[in-house]
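Structural features, examined
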Amino acid sequence: MDERVREHAEVLVDWSARIEAGDDVVLDVAEDAHELGVAVAEKLGERGANVVPTYGSDEVTRAYLRGHGGEFDEDPAHELALYERADSVLRIGGGRNTTATADVPSETRRAYRTARQGVREARMDTDWVSTVHPTRSLAQQAGMAYEEYQAFVYDAVLRDWEALADEMATMKDLLDAGEEVRIVVDRDDRPKTDVTMSIDGRTVVNSAASVAYDSHNLPSGEVFTAPYATEGQAFFDVPMTINATRVRDVRLTFEDGEVVDFAAETGEEELAAILDTDAGARRLGELGIGMNRGIDRFTDSILFDEKMGDTIHLAVGRAYDACLPAGESGNDSAVHVDMIADVSESSFIAVDGEVVQRNGTFRWEDGFEG
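Notes on the structure in this doc start here. Computed from a predicted structure; not experimentally measured. (Residues numbered from 1 in each chain as written. Predicted model: local features only at pLDDT ≥ 70, side-chain atom pairs only at ≥ 80, totals over all residues. Heavy atoms only, no water.)

With that out of the way, let us pick up the overall build of the protein chain. Counting its regular elements, the protein chain contains 11 helices and 18 strands. Taken against the 2.2 N^0.38 rule, which gives 21 Å for 370 residues, the C-alpha radius of gyration of the protein chain at 20 Å falls within 12% of a compact globule. When contacts within the protein chain are restricted to residue pairs at least 6 apart in sequence, long-range pairs at least 24 apart make up 72% of them. Summed over all atoms, the accessible surface of the protein chain reaches about 15500 Å², with 42% contributed by carbon and sulfur. Across the protein chain, 35 positive and 76 negative side-chain charges occur, with their mean positions spaced 3 Å apart. (Helix = DSSP H or I, 4+ residues; strand = E, 2+ residues; numbered from the N terminus. Rg over C-alpha atoms; globule rule 2.2 N^0.38 Å. Contact = heavy atoms within 4.5 Å. Areas by Shrake-Rupley, 256 points an atom, 1.4 Å probe, with all protein chains shown as cover. Lys, Arg positive; Asp, Glu negative; His and termini not counted. Charge placed at Lys NZ, Arg CZ, Asp CG, Glu CD.)

Written as structure tokens, this is what we have:
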């Protein structure tokens, strides 16, 4: 086994999930992620955890959804109980085909997501962490040779997380003290972004790849919160695959916090299906600012792309509870779909009118122009 696989497992179990003896853990392993699954299981055994392995397969999901009539039982009790009783859920992505569910009708996928919203909530109430094992299908999706993609993944995952957490805390403090964020990207070759949103009363998460920071992705490297009262227009120039559909050059127009107009160069039908999922799907659930400079290119994987330095992302749909005051509910939806914009040039992010990042450079970094 590649020693980097064992190091990945150790970071996942110890730094990210903080597994302790006696913890009840669901270990969900995707197709072609067997090696990392084995390494993680070994670490969980060493910690004295109780493990239930499950098999996550897009091809199996495709077969089920295409065979089903479309009237799904709401929150099946056996599935719900698994997550309600778990302390942690570790999800290891991989897969053989990144578009395995492309021919599943969007209305079937939407009905399935909606029927399992309670299951999703139960899973997200655990100390869950998602990561990926570098597979050939993901390398192909990223447009990279397999060995090159392995190096990319481990550069993003195997890093000094404590040092990055300290840097991201600076941005968290600026946002926690703010009331309004404005993002502007003004280039000649694309529609202008000029969008404002309120963050007053919301908590900003320092997403340092550990549940100790209310962070649930490995790799991570972003600060995020749950905005509201969004106004203006945003353009997302980073292509992405959503529900096995290629979506690119998305434009969203907001009025009174809601998407009132939208367009996409490709994948507009899928975008429409997402926004029509429920009432909350037309409102923002997340503003995120990428700060992981160990991620140096786009790979068509949201797990990596949204964390990349010089990017921001906005997600329509569900807001994360970690961003909300105790007892307060944020935007609710069966979906949470991120869309990413490059802010490396002709751009700025302002908090309460003060620029905190310009052209991808933060105010505490060399080269910042106020």
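Read on for the rest.
Side chains of Asp-24, Asp-87, Asp-127 and Asp-214 sit close together on the surface and give a patch of like negative charge. Looking at where Asp-24 falls in the secondary structure, it is placed in strand β1 (residues 24-30). (Patch = residues over 30% accessible without salt bridge, like charges linked within 9 Å, V, L, I, M, F, W, Y side chains within 5 Å. Salt bridge = Lys/Arg side-chain N within 4 Å of Asp/Glu carboxyl O.)

We now examine the sheet that holds strand β13 (residues 284-290). Within the open sheet, the 5 strands sit side by side as β7-β8-β13-β14-β15. Their pairing is antiparallel. Looking at strand neighbours, the two that pair on one side only are β7 (205-207) and β15 (336-342), the edges of this open sheet. Strand-to-strand, the axes of this sheet are offset by a mean angle of 25°, without reference to chain direction. Sheet analysis places β7 next to strand β8 (residues 222-225), joined by 3 bridges and oriented antiparallel. Looking at the pairing, Asn-206 lines up with Val-223 of β8. (Pairing = 2+ DSSP bridges. Axes fitted to C-alpha atoms, helices over the stretch in contact; angles between N-to-C directions.)

As enumerated under the stated definition, the model contains 1 cavity of 30 Å³ or more in all. The space that makes up the largest cavity amounts to roughly 50 Å³. What lines the largest cavity is Val-185, Arg-187, Arg-190, Pro-191, Thr-193, Phe-235, Asp-237, Ala-341 and Asp-342. By residue class, the composition of the lining of the largest cavity is 4 nonpolar, 1 polar and 4 charged. (1 Å grid on protein atoms, 1.4 Å probe; cavity = no way out; pocket = protein on both sides within 12 Å on 5 of 7 lines; lining within 4 Å. Points joined across faces, edges and corners; volume = space filled by probe spheres on them. Nonpolar A, V, L, I, M, F, W, Y, C, P; charged D, E, K, R; others polar.)

Two quantities define a packed helix pair, namely the angle between the helix axes and the distance between the axes. Interaxial distance between helix α1 (residues 3-16) and helix α2 (residues 34-47) falls to 9 Å at its minimum, and their mutual angle equals 50°. The angle between α1 and α2 falls in the class oblique. In this structure, α1 meets α2 at a crossing whose hand is right-handed. Mapping the contact onto sequence places Val-5, Arg-6, His-8, Ala-9, Glu-10, Leu-12, Val-13 and Asp-14 in α1 and Glu-35, Leu-36, Ala-39, Val-40, Glu-42, Lys-43, Leu-44 and Arg-47 in α2. Looking at the contact of α1 with α2 residue by residue, the class counts come to 8 nonpolar, 1 polar and 7 charged. (Parallel < 35°, antiparallel > 145°, perpendicular 65-115°, else oblique. Left-handed = near helix turned anticlockwise from the far one by under 90°.)

Attention now moves to the sheet that holds β1. The strands that make up a sheet are held in pairs by hydrogen bonds between backbone atoms, and each pair lies either parallel or antiparallel. Pairing is parallel in the open sheet, where 4 strands are placed in the order β2-β1-β3-β4. Of all the strands in the sheet, the pair left with one neighbour each is β2 (50-56) and β4 (129-132). Neighbour-to-neighbour, the strand axes of this sheet turn through a mean angle of 20°, independent of strand direction. α1 contacts β3 (88-93) and β4 of the sheet and is inclined by roughly 165° relative to β4.

Below, the discussion takes up the pairing of strand β12 (residues 258-266). Relative to β12, strand β11 (residues 245-255) runs antiparallel, the two sharing 7 bridges. Following the sheet pairing, Glu-255 is matched in β12 by Glu-258. Turn length for the β11-β12 hairpin, with the two strands adjacent in sequence and antiparallel, is 2 residues, and the turn residue Asp-256 shows positive phi of about 55°.

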